[in-house]
Amino acid sequence: MSTTIALLAAEGEEHNPLLPATYDITWSIVALVVVGFVFWKFVLPMFQKVLAERTEQIDGGIKRAEEAQAEAKAALEQYHAQLAEARTEAAQIREEARTQGQQIISEMKAQAQEESDRIVAAGHSQLVAQRQQIVTELRADLGKTAVDLAEKVIGESLADDVKRAGTVDRFLNELDAVGADSAAGK
């Protein structure tokens, strides 16, 4: 065992465990240069390409979002303009409807007044006709009653139609004259 310790001690004097051997350093530098060259030649351009594409996509997305926002704002303004126009048109339609309603009401009142006047005139003419008919019927009844009464008073028959008509007409004329005098006196 003492020989192993001596060998290790001898080697330890030659070789520092904290410093690698020269060939290790050389090959590590060569490998690092090769990996760095491959990384610089192939990986870094691809990484920059992907990074540029992503930057472009983000910028394009921002531009599209700004365009979409501008379109939405324009559409909103157009919507507000259309809404204001629709409100104005609705107000005009309401005003026209109100005017037409008032015109229809006045036309209906005029028609109702005309119809009322026509009904009153027809009723008045009907009343005049009925009055005339009643007066005629009353004259005939009054004449017959007067003849019957005269027959009873005189005691003789007034069967002769000519005599009867003459007597009735004379009686009615006297009645009309008395009625006209009393109406003039009022």
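As the structure is a computational prediction, the values presented were derived from the model and not from experiment. (Residues numbered from 1 in each chain as written. Predicted model: local features only at pLDDT ≥ 70, side-chain atom pairs only at ≥ 80, totals over all residues. Heavy atoms only, no water.)

1. Some details on the overall build of the protein chain
Going by this rule: Strands here mean DSSP runs of E at least two residues long; helices mean DSSP runs of H or I at least four residues long; both are numbered from the N terminus. In short, Shrake-Rupley with a 1.4 Å probe defines the accessible areas, and a residue's cover is counted only from the protein chains shown.
In terms of regular secondary structure, the protein chain is built from three helices and zero strands. Helices and strands appear in the protein chain in the N-to-C order α-α-α. Of the accessible surface of the protein chain, which amounts to about 16,500 Å², a share of 62% is contributed by carbon and sulfur atoms.

2. With respect to the UniProt feature "transmembrane region" (unreviewed entry) in the protein chain
Rules: UniProt positions are given in the numbering used here, feature names are shortened, and annotations may be inferred rather than shown by experiment.
Within the UniProt annotation, "transmembrane region" (unreviewed entry) is assigned to residues 25-44. Counted over residues 25-44, helix gives 100% and strand 0%. Its end C-alpha atoms are 26 Å apart.

3. With respect to helix α2 (residues 22-154)
In plain terms, the rule: Helix span, expected: 1.5 Å multiplied by one less than the number of residues in the helix. One fitted axis covers the seven residues ending at a residue, a second covers the seven starting there, and the bend at that residue is the angle between these axes.
The terminal C-alpha atoms of α2, which comprises 133 residues, lie 186 Å apart, in line with the 198 Å expected from a rise of 1.5 Å per residue. When the local axis directions of α2 are compared, the greatest deviation, roughly 40°, occurs at tryptophan 40.

4. Notes on a nonpolar patch on the surface
Condition: Within this analysis, patches are made of residues with over 30% relative accessible area and no salt bridge. Like charges are joined at 9 Å or less; nonpolar side chains (Val, Leu, Ile, Met, Phe, Trp, Tyr) at 5 Å or less. Here, a salt bridge means any side-chain nitrogen of Lys or Arg that lies within 4 Å of a carboxyl oxygen of Asp or Glu. For every residue, the accessible area obtained with a 1.4 Å probe (protein chains only) is divided by the maximum for its type, and the residue is called buried under 20%, exposed over 50%, and partly exposed between those limits.
Among the surface-exposed residues, Tyr23, Trp27, Val30, Val34, Phe37, Val38, Phe39, Trp40, Phe42 and Val43 lie close enough to one another that they form a single nonpolar patch of about 1,100 Å² accessible area. Tracing the sequence through the fold places tyrosine 23 in helix α2. Taking the relative accessible area as the measure of exposure, tyrosine 23 reaches 55% and is therefore exposed.

5. Some details on the packing of aromatic side chains
Our working rule: Aromatic contacts are taken between Phe, Tyr and Trp rings whose centres are within 6.5 Å, Trp giving its six-membered ring; a plane angle under 30 degrees counts as stacked, one over 60 as edge-to-face, and the others as tilted.
Per the counting criterion, the structure on display carries one aromatic pair. Considering the side-chain rings of phenylalanine 37 and tryptophan 40, the 6.3 Å spacing of their centres and the 45° angle between planes classify their relative orientation as tilted. Here phenylalanine 37 and its partner tryptophan 40 are both found in helix α2, three residues apart, which amounts to about one turn of the helix.

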